[in-house]
Amino acid sequence: MTTTIVPITSAHPALDQVTALFDDYRVHYGQPSSPETTRSWLHDQLAQQRIFAAAALRADDVCGFVTATIMPASLALGSAWSIRDLYVAPHHRRSGIANALLQHIIHHARTAGARRVSLQTETDNVPALTLYTDAGFQPVTGLELLNLNLHPTSHDPGDTT
């Protein structure tokens, strides 16, 4: 079956399907399901161009998505892309969709002249680590990820921003 990767905007007809999958993704990481809030948040992020998103379609069915942000790479006087989310519906996994989404972002970042594409994942997420290292991503040593939780009562293990 053919997979097509398409950019998703706040007005795209597949936004509702992407939103449903995005809500599933949040639930996968321990967040409560909240379809309306998820849709509002995703719509706002896309409308304000805070994130770039793409979806994998098979016969008009959204089976995966990826989001990225574009940031200044100030020392290099360029830009860097950061993959924030990459998720494939469980029944579509191991079919090349995650790699197609990843390659889509890499291609667009390269075309835009970005200096690098970065991402982060859990150290025990072996399938993701395999995908990323097979695509050429390498661990960054000598840096520490630090967070300041501005809402200490909320449980948000996946949010590293």
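Residues numbered from 1 in each chain as written. Predicted model: local features only at pLDDT ≥ 70, side-chain atom pairs only at ≥ 80, totals over all residues. Heavy atoms only, no water.

Undergrad: Help me understand the overall build of the protein in this model?
TA: Looking only at helices and strands, the protein features 4 helices and 5 strands. For the protein, the sequential pattern of α-helices and β-strands runs β-α-α-β-β-β-α-β-α. Judged by the C-alpha coordinates and their principal axes, the protein covers about 45 × 40 × 35 Å. Burial statistics for the protein: of 161 residues in total, 35% are counted as buried. (Helix = DSSP H or I, 4+ residues; strand = E, 2+ residues; numbered from the N terminus. Buried < 20%, exposed > 50% of the residue type's maximum accessible area, 1.4 Å probe, protein only.)

Undergrad: I would appreciate a short explanation of the environment of Q103 in the present structure.
TA: Along the polypeptide, Q103 turns up in helix α3 (residues 97-111). A relative accessible area of 35% means that Q103 is categorised as partly exposed.

Undergrad: Can you help me understand the environment of C63 in this one?
TA: Summarising the element assignment, C63 is placed in strand β3 (residues 61-73). Distance in space between the C-alpha atoms of C63 and Q17 is 8.8 Å, their sequence separation being 46 residues. Each residue touching C63, except ones within four places of it in the same chain, is listed here: L21, A56, L57, R58, Y87, V88, A89, H92 and I97. (Contact = heavy atoms within 4.5 Å.)

Undergrad: Got a minute to help me understand the sheet that holds strand β2 (residues 52-58) in this structure?
TA: Strands sit in the order β1-β2-β3-β4-β5 across an open sheet of 5 strands; the sheet is mixed. Since the sheet does not close on itself, it has two edges, and those belong to β1 (4-8) and β5 (116-118), each with one partner. Going across the sheet, the axis of each strand differs from the next one's by a mean of 30°, ignoring polarity. With 10 bridges joining them, β3 and strand β4 (residues 78-88) adopt antiparallel strand pairing. (Pairing = 2+ DSSP bridges. Axes fitted to C-alpha atoms, helices over the stretch in contact; angles between N-to-C directions.)

Undergrad: Any chance you could explain helix α1 (residues 15-28) here in plain terms?
TA: Every α-helix winds through 3.6 residues per turn, so residues three or four apart in the chain are directed the same way. Here α1 is 14 residues long and its end C-alpha atoms lie 20 Å apart, about the 20 Å a rise of 1.5 Å per residue gives. Every buried residue of α1 is listed here: L15, V18, T19, L21, F22, D23 and Y25. Looking at the buried residues of α1, the elements they touch are β1, α2 (35-47), β2, β3 and β4. Positive phi shows up at G30, right after α1, with a value of about 90°. (Expected span 1.5 Å × (residues − 1).)

Undergrad: So what exactly am I meant to see when it comes to the packing of aromatic side chains here?
TA: For any pair of aromatic rings, geometry is given as the distance between the ring centres together with the angle between the planes. For the structure on display, the rule yields 9 aromatic pairs. Residues F22 and Y25 carry aromatic rings whose centres are separated by 5.6 Å and whose planes lie at 65° to one another, so their mutual orientation is edge-to-face. Taken together, the residues span about one helical turn, with F22 and Y25 both in helix α1 at a distance of 3 residues. Side by side, F22 and Y25 carry an identical accessibility label, which is buried. Here the aromatic residues F22, Y25, Y29, W41, F65 and Y87 are joined through ring pairs into a cluster of three or more. (Phe/Tyr/Trp six-rings, centres within 6.5 Å; stacked < 30°, edge-to-face > 60°.)

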